[in-house]
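Topology and contacts: notes
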2 protein chains.
Amino acid sequence: MINVVKIGGNVIDNPPVLEAFLRDFAAMEGKKILVHGGGKEATRMSESMGIKANMIEGRRVTDRATLDIVTMVYAGLINKRIVALLQAMGCDAVGLTGADGNVIPATRRPAKPIDYGFVGDIDPAKVNHRFIASLLDEGKIPVFCAICHDGAGTLLNCNADSIAAAVALAASRIDDTRLTYCFEKPGVMTDVEDENSVIPLITPTLFETLKAQGVVAAGMIPKLQNALKSASEGVKEVRICSSNNLLSDRGTIVRSQE
Amino acid sequence: MINVVKIGGNVIDNPPVLEAFLRDFAAMEGKKILVHGGGKEATRMSESMGIKANMIEGRRVTDRATLDIVTMVYAGLINKRIVALLQAMGCDAVGLTGADGNVIPATRRPAKPIDYGFVGDIDPAKVNHRFIASLLDEGKIPVFCAICHDGAGTLLNCNADSIAAAVALAASRIDDTRLTYCFEKPGVMTDVEDENSVIPLITPTLFETLKAQGVVAAGMIPKLQNALKSASEGVKEVRICSSNNLLSDRGTIVRSQE
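Residues numbered from 1 in each chain as written. Chains lettered and ligands numbered in written order. Predicted model: local features only at pLDDT ≥ 70, side-chain atom pairs only at ≥ 80, totals over all residues.

Moving on to the relation of the copies chain B and chain A. Aligned on chain A, chain B shows an RMSD of 0.0 Å; the corresponding rotation is 180° and the shift along the axis is 0.0 Å. Each copy turns onto its partner about a two-fold axis. Looking at the interface residues of chain B, 100% of them are also at the interface in chain A, so both copies use one shared face. (Least-squares fit on C-alpha atoms with pLDDT ≥ 70 in both. Contact = placed C-beta atoms within 7 Å.)

Written out as structure tokens, the structure reads:
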């Protein structure tokens, strides 16, 4: 079994939460991979350098200056901080972008209809699972940030959830794989105010019902769609849970079969 | 034969020079490793963020803010730019700090007599040559920046020349190793104004003579001492040459035997 775990900004931005999470991650047995998002550090960095965020329809455009900043913050500061902390916990981490060993090739998103700049999309079939397998076989723990490259010398800013899904699918070509998305909530909830309303299992039929009833919040819809897609394409188990509950079986399991 | 090549700021700060150098590096046959220094980007970055360089006796102190910046710039921006360019040239590069795979453990320099902050020294005997060997065996090209860690969760700023020497010594435990220091001059010269005054071979006796005569410039003395040390400790050949001459045999060869 290979565990692929994804953490986002809510964990990264809070040093004690990050350290507690990493202790749990380090304690997980067997082969494992960490994928991390960005957090607010890149925004803080841009602001301190006087670089204004360029937004189109509420989404950030990755121009050249922003690409340099996210490369520095994600692949440099955050990735290497996590690697050093994991190493101190006895976890033999190796930090990677998709460019390293060409492990995750990406394609720059077409400039039409909207040019989001240096943003990349990933074809999970192209992930270099052999390099991942050889690192895992040596007892290494790959730690991915969401920077990839186009293979022609240009780095690209990618979506960390998509990286996690692509890496999990690649890992499932090596061994049975479990993909865990850690976030600030205890799971997918029918009532966001009630921590006891976590839905333990979501299948495609239930997802359609929840969506039709408007029970699933807007931001959760693409997350669940991705989770269902990963499950249907070969990832053995997909779980959405709180970063505090990595070692428990709490949270929401997403399964492609009813 | 394993080639370990070190480049510094003069190459990194000049994109066309960097690209030309990387083309030559990509064209080198066999197993190879690149070590890169920093360049002026970290200074520019600090200035744009309003962080003042803290100097003691002419040497920069790596305080927490400076450590974050060098980690971002060296391990993020510069390292990943080089990796992406090498990948585009068909060279299967993997960017690493000393923390990744615990490949280069370092020790924080004692705070007395002068506290230089988060600065590390390396014991070449502790370099993890097995991880380097396994990457090379898989056809990967390790690309090191000069950020290491103390094994207790803290990253440390190290000297890139020392990293190159330590990596070359580790590589020489795998196979015969050649270490090449690329810089802006064609080699060690008796007359810095005369490009034809390159000394083709320096041995310990000649080094002592040149030093006594004041022929070797101040900045070149530690470089030559390190080169002689590497040669005496098992690196097959050490060469100091211009970054334009990587593929030629020009420059200064440093040998530990007369």
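Let's shift gears to the sheet that holds strand β5 (residues 93-96) of chain B. All names here are of chain B. As summarised here, the arrangement of the 8 strands in space is β5-β8-β2-β1-β11-β13-β14-β12, forming an open sheet in which the pairing is mixed. For this open sheet the edge positions go to β5 and β12 (201-202), each flanked by a neighbour on one side alone. Pairing of β5 with strand β8 (residues 141-144) involves 4 bridges; the strand directions are parallel. Note on β8: the bridge partner recorded for valine 94 is proline 142. Contacts from helix α4 (residues 64-88) reach β2 (31-36), β5 and β8 within the one sheet, and its direction differs from that of β5 by about 175°. (Pairing = 2+ DSSP bridges. Helix = DSSP H or I, 4+ residues; strand = E, 2+ residues; numbered from the N terminus. Axes fitted to C-alpha atoms, helices over the stretch in contact; angles between N-to-C directions.)

As a further point, take the interface of chain B and chain A. Taken together, the contacts link 33 residues of chain B with 33 residues of chain A. Ranked by the residues each element gives to the side of chain B that touches chain A, the list is headed by α4(B), at 13 residues. Considered class by class, the residues forming the side of chain B that touches chain A number 14 nonpolar, 13 polar and 6 charged. (Nonpolar A, V, L, I, M, F, W, Y, C, P; charged D, E, K, R; others polar.)

Residues and elements named next belong to chain A. Domain annotation for chain A reports domain 1 (2-184) and domain 2 (186-258). Listed as interface residues are 22 residues of domain 1 and, on the opposing side, 16 residues of domain 2. Looking at the side of domain 1 that touches domain 2, the elements with two or more residues in it are β1 (2-7), α2 (15-27), α6 (160-171) and β11 (177-183). At 7 residues, the largest contribution of residues to the side of domain 1 that touches domain 2 is made by β11. Here the side of domain 1 that touches domain 2 is built from residues that sort into 14 nonpolar, 3 polar and 5 charged. (Domains from an automatic or database assignment.)

This paragraph deals with the nonpolar core. One finds A:Ile163, A:Val167, B:Ile163 and B:Val167 to be the most contacted residues of the largest nonpolar core, which totals 163 residues. A domain split of this core shows at least three residues from each of domain 1 (2-184) and domain 2 (186-258) of chain A. Apart from the residues lying within four places of it in its own chain, the contact partners of B:Val167 are B:Val4, B:Ile33, B:Val35, B:Val127 and B:Phe144. (Core = buried A, V, L, I, M, F, W, Y, C linked by C-beta atoms within 7 Å. Buried ≥ 20, exposed ≤ 12 C-beta atoms within 10 Å, placed from the backbone.)

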